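A structural walkthrough
Single-letter residue listing:
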Amino acid sequence: MKQWIRFLASAAVAGTVLCGAVSAEHTGIKNTDDREKAQVLQLLEVMNGDENGNLNLDAPVTRAEFVKMAVCASVNKDSAGQSSATSLFPDVTNAHWAIGYVSTAIKAGLVSGYLDGTFRPENTITREEFATMICRLKKYDTSAADSFSDVPAGHWAAPYIAAMKANGIIGGYDTKG
């Protein structure tokens, strides 16, 4: 039950973060509902904030940050220790703050690196990467065919985006009006 609550809370806030719908204040959040969700995420250690405790929800989310959220929202959270992690990518060294999370996410099949052998932990996470990680985390059926008009059927992430749409996690914009 704790993992399910952690997932729901992180998915809700992560979705809000990626859509840029939250404003900054002392905690980085003005909306009371969002502030409560963020407090849950902090208590569950899914999100920690910066050195001042601000979540900076208006800032872009990096691949490393989202991998941490995904791992902390999963049953693999306790296996993400930095001391036991081994660097799998030249750009995620043993000294990188997210090495334990990246290593755990790779082993759990939540994420992969790029074809050039890098992970690019500081890159902003894309809609495609977000959809892929959530689908893998939740083990969603990716056979749904109905995606969005801006996602070509042959795109590598089309099945993941369609699954997110089918499960009501993401929605599109009405481009007909």
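All values derive from a computational prediction rather than experimental measurement.

Rules used in this analysis
- Residues numbered from 1 in each chain as written.
- Predicted model: local features only at pLDDT ≥ 70, side-chain atom pairs only at ≥ 80, totals over all residues.
- Heavy atoms only, no water.
- Helix = DSSP H or I, 4+ residues; strand = E, 2+ residues; numbered from the N terminus.
- Buried < 20%, exposed > 50% of the residue type's maximum accessible area, 1.4 Å probe, protein only.
- Contact = heavy atoms within 4.5 Å.
- Axes fitted to C-alpha atoms, helices over the stretch in contact; angles between N-to-C directions.
- Parallel < 35°, antiparallel > 145°, perpendicular 65-115°, else oblique.
- Left-handed = near helix turned anticlockwise from the far one by under 90°.
- Nonpolar A, V, L, I, M, F, W, Y, C, P; charged D, E, K, R; others polar.
- 1 Å grid on protein atoms, 1.4 Å probe; cavity = no way out; pocket = protein on both sides within 12 Å on 5 of 7 lines; lining within 4 Å.
- Points joined across faces, edges and corners; volume = space filled by probe spheres on them.
- Salt bridge = Lys/Arg side-chain N within 4 Å of Asp/Glu carboxyl O.
- Polar contact = N/O pair within 3.5 Å; in protein donor to acceptor, adjacent residues only side chain to side chain.
- Phe/Tyr/Trp six-rings, centres within 6.5 Å; stacked < 30°, edge-to-face > 60°.
- pLDDT = per-residue confidence, 0-100.

**Focus: the overall build of the protein**
Summing up its helical and strand segments, the protein has 6 helices and 0 strands in all. When the helices and strands of the protein are placed in sequence order, the string is α-α-α-α-α-α. Looking at the protein as a whole, 42% of its 177 residues qualify as buried. If you take every contact in the protein between residues at least 6 apart in sequence, the share linking residues at least 24 apart comes to 60%.

**Observations concerning the packing of helix H3 (residues 63-72) against helix H5 (residues 127-138)**
One can describe the packing of H3 onto H5 by two numbers: an axis separation of 11 Å at closest approach and a directional angle of 15 degrees. In terms of orientation, H3 lies roughly parallel with respect to H5. Relative to H5, the crossing made by H3 is right-handed. In this structure, H3 contributes Arg63, Phe66, Val67 and Ala70 to the contact, and H5 contributes Glu129, Phe130, Met133, Ile134 and Leu137. Along the lines of polarity and charge, the residues of the contact of H3 with H5 split into 7 nonpolar, no polar and 2 charged.

**Brief notes about the layout of surface pockets**
In this model, the second largest pocket occupies a volume close to 320 Å³. Lining the second largest pocket are 17 residues; nearest its centre among them are Met47, Gly49, Leu55, Glu65 and Met69. The leading source of residues in the lining of the second largest pocket is H3, at 3 residues. For the lining of the second largest pocket, a count of residues per class yields 10 nonpolar, 4 polar and 3 charged.

**Structural notes on the pattern of salt bridges**
A full pass over the atoms with the stated rule returns 4 salt bridges. With its nearest N and O atoms 2.8 Å apart, the salt bridge here joins Arg120 to Asp116. Residue classification places Arg120 among the partly exposed residues on the basis of a relative accessible area of 30%.

**So, the side chain of His96**
Relative to the elements of secondary structure, His96 occurs in the loop between H3 and helix H4 (99-107). In terms of polar contacts, His96 uses its side chain to reach the side chain of Glu122, at 3.0 Å.

**Quick look at the packing of H3 against H4**
Two elements in contact, H3 and H4, have axes whose closest approach is 9 Å; the angle formed by their N-to-C orientations is 65 degrees. Classified by chirality, the crossing of H4 by H3 is left-handed. Taking contact as the criterion, the partners of Val67, Lys68, Val71 and Cys72 in H3 are, on H4, Tyr101, Val102, Thr104 and Ala105. Taken together, the residues of the contact of H3 with H4 sort by class into 6 nonpolar, 1 polar and 1 charged.

**Considering helix H6 (residues 158-166)**
All of the buried residues in H6 are Ala158, Tyr160, Ile161, Ala162, Ala163 and Met164. Close packing links the buried residues of H6 with H5. Note on H6: the residue one or two positions beyond its end, Gly168, has a positive phi of about 75 degrees.

**Description of the packing of aromatic side chains**
Enumeration over the complete set of coordinates arrives at 2 aromatic pairs. When the ring of Phe66 is compared with that of Phe130, the centres are 5.2 Å apart and the planes differ by 65 degrees; the resulting orientation is edge-to-face. Placement of the pair is Phe66 in helix H3 and Phe130 in helix H5, with a sequence separation of 64 residues. Of the residues examined, Phe130 reaches a relative accessible area of 5% and is grouped as buried. For the ring pair Phe89 and Phe119, a centre distance of 5.4 Å and an interplane angle of 45 degrees mean the geometry is tilted. Taken as a pair, Phe89 in the loop between H3 and H4 and Phe119 in the loop between H4 and H5 lie far apart in primary sequence, 30 residues in all.

**Things to note about the confidence of the model for the protein**
Detailed reading of the predicted coordinates is not advisable wherever pLDDT is low. For the protein, the average pLDDT comes to 77, and 76% of its residues sit at 70 or higher. Predicted confidence for residues 1-9 stays below pLDDT 50, and this span has 18 contacts to residues more than four positions away or in other chains. Of the regions scoring below 50 in pLDDT, residues 15-29 engages in 35 contacts with residues more than four places distant in sequence or in other chains.

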